[in-house]
Protein chains: 2
Amino acid sequence: MSDTTQPRRSTRQQAAVANQLAQLPDFVSAQELHAQLRDEGESVGLATVYRALQAMTAEGQIDMLRTEDGEAIYRACSTTHHHHLVCRECGRAVEVEGPAVERWAEQVSAEHGFTDAHHVIEIVGTCADCRTV
Amino acid sequence: MSDTTQPRRSTRQQAAVANQLAQLPDFVSAQELHAQLRDEGESVGLATVYRALQAMTAEGQIDMLRTEDGEAIYRACSTTHHHHLVCRECGRAVEVEGPAVERWAEQVSAEHGFTDAHHVIEIVGTCADCRTV
DNA sequence: GGCCTAATGAGAATGATTGTCAAAATAGGC
DNA sequence: GCCTATTTTGACAATCATTCTCATTAGGCC
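Residues numbered from 1 in each chain as written. Chains lettered and ligands numbered in written order. Predicted model: local features only at pLDDT ≥ 70, side-chain atom pairs only at ≥ 80, totals over all residues. Heavy atoms only, no water.

- For chain A, the name recorded in an unreviewed UniProt entry is Transcriptional repressor, with Leekyejoonella antrihumi as its organism.
- Under the UniProt heading Subcellular location (unreviewed entry), the note attached to chain A is "Cytoplasm".
- Of the comments in the UniProt record for chain A, the one headed Sequence similarities (unreviewed entry) reads "Belongs to the Fur family." (UniProt positions renumbered as here; feature names shortened; annotations may be inferred.)

What to know about the overall build of chain A
- Along its length, chain A carries five helices and six strands.
- When the helices and strands of chain A are placed in sequence order, the string is α-β-α-α-β-β-β-β-α-β-α.
- The principal-axis extents of the C-alpha atoms in chain A amount to approximately 50 × 50 × 25 Å.
- The buried share of chain A, taken over its 133 residues, is 38%.
- In chain A, once contacts between residues fewer than 6 apart in sequence are set aside, the share between residues at least 24 apart is 46%.
- Accessible surface computed for chain A: about 7900 Å², of which carbon and sulfur atoms make up 48%.
- Each charge class in chain A was averaged separately, 11 positive and 20 negative side chains, and the resulting centres sit 5 Å apart. (Helix = DSSP H or I, 4+ residues; strand = E, 2+ residues; numbered from the N terminus. Buried < 20%, exposed > 50% of the residue type's maximum accessible area, 1.4 Å probe, protein only. Contact = heavy atoms within 4.5 Å. Areas by Shrake-Rupley, 256 points an atom, 1.4 Å probe, with all protein chains shown as cover. Lys, Arg positive; Asp, Glu negative; His and termini not counted. Charge placed at Lys NZ, Arg CZ, Asp CG, Glu CD.)

Some words on the confidence of the model for chain A
- Across chain A, the average pLDDT comes to 84, with 92% of residues at or above 70.
- Across chain A, element-level confidence peaks in helix H2 (residues 30-39) of chain A with a mean pLDDT of 95 and bottoms out in helix H5 (residues 128-131) of chain A with 81. (pLDDT = per-residue confidence, 0-100.)

So, the environment of A:Pro99
- Structurally, the position occupied by A:Pro99 is in helix H4 (residues 99-111).
- Note on A:Pro99: relative accessible area 54%, which makes it exposed.

Re the protein's contact with DNA strand D
- For DNA strand D, the set of nearby residues contains 22 residues, the closest of which are A:Arg9, A:Thr11, A:Arg51, B:Tyr50 and B:Ala72.
- By atom count, sugar and phosphate contribute 65% of the portion of DNA strand D lying within 4 Å of the protein.
- Separating a sugar or linking oxygen of DNA strand D from a side-chain N or O atom of A:Gln13 is a distance of 3.0 Å.
- Within the backbone of B:Ala72, one N or O atom sits 2.8 Å away from a phosphate oxygen of DNA strand D.
- Considered class by class, the residues forming the surface near DNA strand D number six nonpolar, eight polar and eight charged. (Near = heavy atom within 4 Å. Polar contact = N/O pair within 3.5 Å; in protein donor to acceptor, adjacent residues only side chain to side chain. Nonpolar A, V, L, I, M, F, W, Y, C, P; charged D, E, K, R; others polar.)

Spelled out as structure tokens, the structure:
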């Protein structure tokens, strides 16, 4: 049960989702993405959009995170490993890196006998713009 | 909308929620908290549990964050801050601390003008027991 | 005690997400 | 190009946390 990453079949629908996502600068929810595709005539079933997003997330091709109210949002992601600093008011997200943290995570995992470790870090705060309101 | 913190009326139910939360070392979902209260005979309506948790979160008395699958979980603020190292096979979780990471998170937030920042770190790996299977 | 108003609770409503399963599409061998 | 085994799709039902509704109950205060 290793990550034998068996490639999925390539279909019009999956391509449409990947394409749309690649052209969007910001995070979108599955629902929004589905609506956009429909508006562009590239109609894809809602369940299929969810499945495509799940698959791409599992394969690490896109980033997924949660809004303050629990909705999952997705975005095409640069190949570099990074984390997010999200504003709890406006949802604006900043990508941040932290080599020190990467090392810490590796070390902690190793100390406890864990292998093949991945980690997720989310920092939520109030950004300067929202604070001054 | 400053912290005019107009005090809510104090009721048995709110006290029960606050109390229960104060005695739990870790995050719990509203559903779990509701079940626990029921089991202890201190029955409180589910909607009321949600309302109490919302109010306490708004007043900054407790922390709220989201699990990977979007469920809201809550914890009394005073608990020692720590993170989790979770096995992807058996679900076993180890609590870990990392002062360096805490400092890093604070620093990154400040650099980008974010205030009042909280963070969540989850490390997922395969533990020694599950690897040897 | 009695009044005013906020808080409660039971259940309905909401809304994102996931499951179901027959029909359609893909990859590969011929 | 054609056929077949398998995967993927899509419409809709099902799930499940969370919120809403509204009649009833219970604080706070005189």
